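Notes for the structure review
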Amino acid sequence: MRTEQDQDRQGTGGAAAPADAPARAASDVPTGTSRAVPSPDDQAVLDRFDGRVAGREGTENVPVAPWFVRPDRRRHLRALYRFARFVDDVGDEPDAGVRDDGGRRTELLRLVDRDLDRLATGRAQLPAVAGLRTAVSACTLPPDPLHALVRANLQDQVVSRYATFEELVGYCRLSAQSVGELVLHVYGAATPERLRLAADVCTALQLVEHCQDVAEDLRRGRVYLPAEDLVRFGVTEADLAADSAGAGVRRLIAFEVDRAEALLDAGAALVGTLRGEARLLVAGFVGGGRAAIGAIRAAGHDVLAGAPRPSRRQIATEAVRALLDPRPGAGRRRRVAAAYGECERITREQARNFSYGIRLLPPGKRRALSAVYAFARRVDDIGDDPVLPTEEKARLLGAVRAQLGALDDHRDDPVSVALADAAARLPIPLAAFADLVDGVEMDVRGTTYRTPEDLVRYCERVAGSIGRLSLGVFGTADPDGSTRLANALGVALQLTNILRDVREDLENGRVYLPQQDLAEHGITLEAGKPSSLDAAADRLPDLVRSEAVWARGWYEIGLRLVPRLDRRSAACCLAMAGIYSRLLDRIAAEPGRVLEGRVALPGREKLLVAVQALVRGAR
């Protein structure tokens, strides 16, 4: 069994297979030995391994034999831990008396296995094996799980890579499942259903340790990450040998951690089936796993810079949570909730107008629309970045486009996690984000618009897309008819933005007003030259008023959407449109203000619009 390893160990153990070597099956693991008892030299080496176990309980992710466990059971659990750690150390701990080709370790492990056979007759010679005698007798421990721990380490000597997740889980079941079974026998609680749940918990703990110890395992010539997943995320073993994790490695680890968490969540129901100290102990196991997962996530899924370890306090906190909520899926629910929390933070801080309307939605829709906004904000920020060169913006937008088609591969990104969850619960048309990316690419290229129709096509991409995405969150009984209206409302809001930001956009090298309309008013605007705006100060107000009338027509079409929505969604829509509509009124009333800079509404006026929208939506 692979248990937690000391973080300051050096050297490698076990056989290092080439990166492209096929994984050997468990059936290849050698069994049996020509020598039944340890020689004096064998005994000396095995005694050294056993002597290193003392005092190592505190290095584990999970509590081994905590204070609340009854003294006799604590002795049983410590005897089991001593044996499991001893076998694991024989399998891969560096030792001056052990060659690094795996052959010597195989011989020693076979001797341990033979000594287990002598346990039942009281003739075991190895202290770590003989120490099990009382636990085996008092708790009627079956021999198979003990032998399975040895077989798992024998497998480590000949199998160093796993092609698929199923193969890796099979290895974990061999070692980790045995630990869960033995602990349940200590408590006389080994029913078939509990054994199944315990297998999930212990396999998950093993998978988490594999993620923590990627660098250490690689130094030992082993990779406990499925080869198929390395290919999926474009990760090589050279990437795993780096001093810190790159983007691909982080995504890979996030994916593996989430899979481990799913198993842990599935098995967490075991806590609710137990009573007394068994319940507390297993809650500690579940809590330790969740705390370790939290530590990996807190490290940004960079397990190469150092193995992320949870504190004892974090483990205790997670254990209490497992006691209070042993239902399956609790870990995932918290992860998704944290992802939504990040999206809501982004929305509060950056959506100066939209946030007023979003707050009027019920919690589920509010979180979903925040995820939509946060992802859209990311796309906009790429296009608006004042430092990035055009080529890099194009590359990043291409990466975002690819990410939309594989949100599940970006579990290290809370915005992707939240958006994927929202799209699974609501009919959000994620394809509309592709339109948004198309529109931002037009910004990056510096596209200008000859006619109003050209500008509308741009607005439909960057803002009509948001209207369609929002409609997926709101819901409607007539999706086809409502989509056209949501698109029109998005166009109306974007035209308002364009009038509001004439000077700012010009300073940033962009001209959105249709060239045809500019020419009709005798105006020539030069991108990057605000002075060209000042030169048209006497003619610009008439143009702005004309464009405002045009934008108002789009509001009239778009607001027909409101009666098709439920009360809270209607209030949200009215608040967002209301704020922009008032802004348009102000611009139309004082068109010369756009010469000075961005026109805005004070916060109290936005709040008033939101309250009025809530009242109107309730009618």
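Residues numbered from 1 in each chain as written. Predicted model: local features only at pLDDT ≥ 70, side-chain atom pairs only at ≥ 80, totals over all residues. Heavy atoms only, no water.

1. Brief notes about the overall build of the protein
A count of helices and strands for the protein gives 29 helices and zero strands. Here the C-alpha radius of gyration of the protein, 32 Å, is well above what a compact globule of 619 residues would show, namely 25 Å. Along the first, second and third principal axes, the C-alpha set of the protein runs to 105 × 50 × 35 Å. A buried classification covers 55% of the 619 residues belonging to the protein. Sequence-distant contacts in the protein: of pairs separated by 6 or more residues, those separated by 24 or more amount to 76%. With an accessible surface of roughly 25200 Å², the protein has 53% of that area assigned to carbon and sulfur atoms. Treating the 86 positive side-chain charges of the protein as one cloud and the 87 negative ones as another, the clouds have centres 6 Å apart. (Helix = DSSP H or I, 4+ residues; strand = E, 2+ residues; numbered from the N terminus. Rg over C-alpha atoms; globule rule 2.2 N^0.38 Å. Buried < 20%, exposed > 50% of the residue type's maximum accessible area, 1.4 Å probe, protein only. Contact = heavy atoms within 4.5 Å. Areas by Shrake-Rupley, 256 points an atom, 1.4 Å probe, with all protein chains shown as cover. Lys, Arg positive; Asp, Glu negative; His and termini not counted. Charge placed at Lys NZ, Arg CZ, Asp CG, Glu CD.)

2. Topic: the environment of glycine 528
Inspection of the secondary structure puts glycine 528 in the loop between helix 25 (515–520) and helix 26 (531–534). For the pair glycine 528 and aspartate 505, spaced 23 residues apart in sequence, the C-alpha separation works out to 8.4 Å. Filtering out sequence-adjacent residues up to four positions away, glycine 528 remains in contact with Leu506, Glu507 and Gly509.

3. A word on the nonpolar core
Within soluble globular proteins, side chains that are nonpolar generally end up buried alongside one another. Within the largest apolar cluster, 101 residues are counted, with the highest numbers of intra-cluster contacts made by Phe354, Phe375 and Phe433. Broken down by element, the residue count for this core peaks at 13 residues, all from helix 28 (residues 567–589). Those residues in contact with phenylalanine 433, other than ones at most four positions away along the chain, are Val372, Phe375, Ala376, Leu404, Leu419 and Leu469. Membership of the second largest hydrophobic core comes to 96 residues, among which are Leu111, Leu168, Tyr224 and Val303. (Core = buried A, V, L, I, M, F, W, Y, C linked by side-chain atoms within 4.5 Å.)

4. Section: the pattern of salt bridges
Within this structure, the stated rule accounts for 55 salt bridges. A salt bridge links aspartate 408 to arginine 411; the nearest nitrogen and oxygen atoms lie 2.8 Å apart. Two residues, arginine 552 and aspartate 585, come together in a salt bridge whose shortest N-O distance is 2.5 Å. Taken together, the positions of arginine 552 in helix 27 (residues 540–558) and aspartate 585 in helix 28 put the pair 33 residues apart, joining distant regions of the chain. (Salt bridge = Lys/Arg side-chain N within 4 Å of Asp/Glu carboxyl O.)

5. Observations regarding the environment of aspartate 408
Mapped onto the elements of the fold, aspartate 408 is located in the loop between helix 19 (390–404) and helix 20 (414–425). Accessibility expressed as a relative area gives 38% for aspartate 408, which makes it partly exposed. Sequence spacing of aspartate 408 and aspartate 421 is 13 residues, and the spatial spacing of their C-alpha atoms is 9.8 Å. Each residue touching aspartate 408, except ones within four places of it in the same chain, is listed here: Arg232 and Phe255.

6. Some words on helix 16 (residues 330–350)
Under the 1.5 Å per step criterion, the end-to-end length of helix 16 is 30 Å for 21 residues, consistent within 8% with the ideal 30 Å. Among the residues of helix 16, Ala330, Gly331, Arg335, Val336, Ala339, Tyr340, Cys343, Glu344, Ile346 and Thr347 are the ones counted as buried. In the core, the buried residues of helix 16 are packed alongside helix 12 (247–267), helix 14 (276–298), helix 17 (354–358), helix 18 (363–384) and helix 20. (Expected span 1.5 Å × (residues − 1).)

7. Comments concerning the packing of helix 1 (residues 40–51) against helix 3 (residues 103–119)
Working note: a packed helix pair is described by the angle between its axes plus the distance between those axes. Helix 3 packs onto helix 1 with a crossing angle of 85 degrees between their chain directions and a minimal axis gap of 11 Å. Taken together, helix 1 and helix 3 sit at an angle that is classed as roughly perpendicular. Contacts from Asp41, Asp42, Val45, Leu46 and Phe49 of helix 1 reach helix 3 at Arg104, Arg105, Leu108, Leu111 and Val112. Here the residues of the contact of helix 1 with helix 3 are counted per class, giving six nonpolar, no polar and four charged. (Axes fitted to C-alpha atoms, helices over the stretch in contact; angles between N-to-C directions. Parallel < 35°, antiparallel > 145°, perpendicular 65-115°, else oblique. Nonpolar A, V, L, I, M, F, W, Y, C, P; charged D, E, K, R; others polar.)

8. Digging into a nonpolar patch on the surface
The grouping of Leu607, Val611 and Val615 at the surface amounts to a nonpolar patch, some 250 Å² of accessible area in total. Within the element layout of this structure, valine 615 appears in helix 29 (residues 603–617). (Patch = residues over 30% accessible without salt bridge, like charges linked within 9 Å, V, L, I, M, F, W, Y side chains within 5 Å.)

9. What to know about helix 21 (residues 432–445)
For helix 21, spanning 14 residues, the distance from its first C-alpha to its last is 20 Å, which sits close to the expected 20 Å at 1.5 Å a residue. Of all the positions in helix 21, only Ala432, Phe433, Leu436, Val437, Gly439, Val440, Met442, Asp443 and Val444 are classed as buried. Looking at the buried side of helix 21, the elements it contacts are helix 18, helix 19, helix 20 and helix 22 (452–474). Looking one or two places after helix 21, you find glycine 446, whose phi comes out positive at around 75 degrees.

10. Some remarks on the packing of helix 1 against helix 2 (residues 71–92)
Between helix 1 and helix 2, the shortest axis-to-axis distance is 9 Å and the interhelical angle comes to 125 degrees. Here helix 1 is positioned oblique relative to helix 2, judged by the angle of their axes. When you trace helix 1 past helix 2, the crossing you get is right-handed. Each of Leu46, Phe49 and Asp50 in helix 1 lies in contact with helix 2, whose residues at this interface are Arg82, Phe86, Asp89 and Val90. Considering only residue class, the contact of helix 1 with helix 2 consists of four nonpolar, no polar and three charged. (Left-handed = near helix turned anticlockwise from the far one by under 90°.)

11. Some points on the side chain of arginine 104
Along the chain, the position of arginine 104 falls in helix 3. At a separation of 3.0 Å, a polar atom in the side chain of arginine 104 contacts the side chain of aspartate 41. At 2.7 Å, the side chain of arginine 104 and the side chain of aspartate 42 are in polar contact. (Polar contact = N/O pair within 3.5 Å; in protein donor to acceptor, adjacent residues only side chain to side chain.)

12. Side note on the packing of aromatic side chains
In the structure shown here, the tally under the stated rule is ten aromatic pairs. Here the aromatic rings of phenylalanine 233 and phenylalanine 255 are separated by 5.4 Å at their centres, their planes lie at 50 degrees, and the arrangement is tilted. Residue phenylalanine 233 is found in the loop between helix 10 (227–232) and helix 11 (237–240), and its partner phenylalanine 255 is found in helix 12; the two are separated by 22 residues along the sequence. The buried category is assigned to phenylalanine 233, whose relative accessible area is 8%. Given the relative accessible area of 4%, phenylalanine 255 is considered buried. (Phe/Tyr/Trp six-rings, centres within 6.5 Å; stacked < 30°, edge-to-face > 60°.)

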